[in-house]
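So the chains spell out like this:
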Amino acid sequence: MPTPPAITGRIIEDTVIPARGRWSAKVAKGHLLRIVDVEGKQGVDFLCYNANDVDDRYAAADTMKINGNLFVGLGTTLYSINCNPMMTVVADRVGFHDTIGGCCSDAVNIKRYNNAGHGSCRANFLAEFKKWGLTQKDYAANVNFFAYVPIGPKGEMDFRDPLSEPGDHVDLRADMDVIAIISNCPQINNPAAGFNPSPLQAVIWDPEG
Ligand SMILES: [Zn+2]
């Protein structure tokens, strides 16, 4: 079982996000955010916003184009709709983080599986948005850390078993002051959360602290 490397610097926050839970925080420019998949195979629906201008939010398509890849991995920079660097992946135990699958909602769970009402990332995001004065109009296509959505030769896509093992992590360096928002995916109809939603750990630290 992988153990994340020790953190050097001043820890600002160290939080366990319970299964199906949600979390958000400001991450100052130059600080780092570690997300640990404590039990493995857990999808992390993630959005970030420029803390000084929330209209300047994460832009999935521009991030894919500028990085030239469908997946987020080591070295990927997340870009905003104004093409400002927001966060960069500086450590990654997994290598494939989804950019296109988006978040689950009661509506799509009913449409695809006729099985909803067990929580959703959309509901989590909207609840967490209220802390920052954001509304559903601020929702954007999100990153799914640890979720694996490969593309077939004819464009086939769906969530597959996440590749993350217990204790795998990703570290993101904030390239601007950001508001980072996580929905710990409650999905049970597909493998986005390994059919078993489980806890995450979120750590923010100042490497210079
Ligand atoms: Zn979800």
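Placed above this text is the structure.
For the structure given in this document, a descriptive report is provided here. (Residues numbered from 1 in each chain as written. Predicted model: local features only at pLDDT ≥ 70, side-chain atom pairs only at ≥ 80, totals over all residues. Heavy atoms only, no water.)

A closer look at the overall build of the chain
- Secondary structure assignment for the chain yields three helices and 10 strands.
- Sequence-ordered secondary structure for the chain, helices as α and strands as β, is β-β-β-β-α-β-β-α-α-β-β-β-β.
- Taking 209 residues into account, the globule formula puts the C-alpha radius of gyration at 17 Å, and the chain, at 16 Å, falls close to it.
- With respect to the principal axes defined by its C-alpha atoms, the chain has extents near 50 × 40 × 35 Å. (Helix = DSSP H or I, 4+ residues; strand = E, 2+ residues; numbered from the N terminus. Rg over C-alpha atoms; globule rule 2.2 N^0.38 Å.)

Things to note about the coordination of the zinc ion
- Here the zinc ion is held by the protein donor atoms C104 (SG), C121 (SG) and C185 (SG), which lie 2.2 to 2.3 Å from it.
- Ordering the donors of the zinc ion by residue number gives the pattern C-x16-C-x63-C. One end of the pair, C104, is in the loop between strand 6 (85-92) and helix 2 (106-113); the other, C185, is in the loop between strand 9 (178-184) and strand 10 (200-206), with 81 residues separating them in the sequence. As far as the burial class goes, C104 and C185 line up, both buried. (Donors = N, O, S within 2.8 Å, 3.2 Å for Na, K, Ca; no water. Buried < 20%, exposed > 50% of the residue type's maximum accessible area, 1.4 Å probe, protein only.)

Observations regarding the nonpolar core
- Core analysis: the biggest nonpolar cluster contains 48 residues, and W23, L33, I35, F46, M87 and F145 have the highest contact counts within it.
- Among residues more than four places away in sequence, those in contact with F145 are I35, Q42, G43, V44, F46, V72, H97, V170 and L172. (Core = buried A, V, L, I, M, F, W, Y, C linked by side-chain atoms within 4.5 Å. Contact = heavy atoms within 4.5 Å.)

Topic: the pattern of salt bridges
- All chains considered together, the criterion is met by eight salt bridges.
- With a closest N to O distance of 3.6 Å, D206 and R10 form a salt bridge. Separated by 196 residues along the polypeptide, D206 in strand 10 and R10 in strand 1 (residues 10-17) bring together distant segments of the chain.
- Residue D206 is classed as buried on the basis of its relative accessible area, which comes to 12%. (Salt bridge = Lys/Arg side-chain N within 4 Å of Asp/Glu carboxyl O.)

A closer look at a nonpolar patch on the surface
- A cluster of nonpolar residues, L70, I100, I151 and M157, forms a patch on the protein surface that exposes about 290 Å² of accessible area.
- Structurally, L70 is set in the loop between helix 1 (60-67) and strand 5 (77-79). (Patch = residues over 30% accessible without salt bridge, like charges linked within 9 Å, V, L, I, M, F, W, Y side chains within 5 Å. Areas by Shrake-Rupley, 256 points an atom, 1.4 Å probe, with all protein chains shown as cover.)

Observations regarding helix 3 (residues 121-129)
- Restricting attention to buried positions, one finds in helix 3 the residues C121, N124, F125, E128 and F129. For helix 3, the buried positions fall inside an angular range of 135 degrees around the axis, keeping them on one side.
- In this structure, the buried residues of helix 3 make contact with strand 2 (22-27), strand 4 (44-50) and strand 9. (Arc of directions from axis to C-beta.)

Remarks on the environment of P166
- Mapped onto the fold, P166 is located in the loop between strand 7 (143-145) and strand 8 (168-174).
- The spatial distance from the C-alpha of P166 to the C-alpha of R93 is 11 Å, given a sequence separation of 73 residues.

A closer look at helix 1
- For helix 1, the full list of buried residues reads A60, D62, T63 and M64.
- Next to the buried residues of helix 1 lie strand 5.
- Just beyond helix 1, the residue with positive phi is G68, at close to 70 degrees.

Focus on the side chain of D56
- Relative to the elements of secondary structure, D56 occurs in the loop between strand 4 and helix 1.
- In contact with D56, other than residues within four places in its own chain, are Y49, N50, S80, I81, N82, N84, M86 and M176.

Re unusual backbone geometry
- At N114, a residue that is not glycine, the phi angle is positive and equals roughly 50 degrees.
- Inspection of the secondary structure assignment puts N114 in the loop between helix 2 and helix 3.
- For F146, which is not glycine, the phi dihedral falls at a positive 75 degrees.
- With respect to the helices and strands, F146 occurs in the loop between strand 7 and strand 8.

Here we look at the sheet that holds strand 5
- In space, the six strands of this open sheet follow the order 1-10-3-8-6-5, with antiparallel pairing throughout. Unpaired on one side and paired on the other, strand 1 and strand 5 mark the two borders of the sheet. Between one strand axis and the next, the sheet turns through 20 degrees on average, direction left out of account.
- The pairing of strand 5 with strand 6 spans three bridges and is classified as antiparallel. Within strand 6, the position partnered with T77 by the bridge is T88. (Pairing = 2+ DSSP bridges. Axes fitted to C-alpha atoms, helices over the stretch in contact; angles between N-to-C directions.)

Read these as spatial facts, not as claims about activity.
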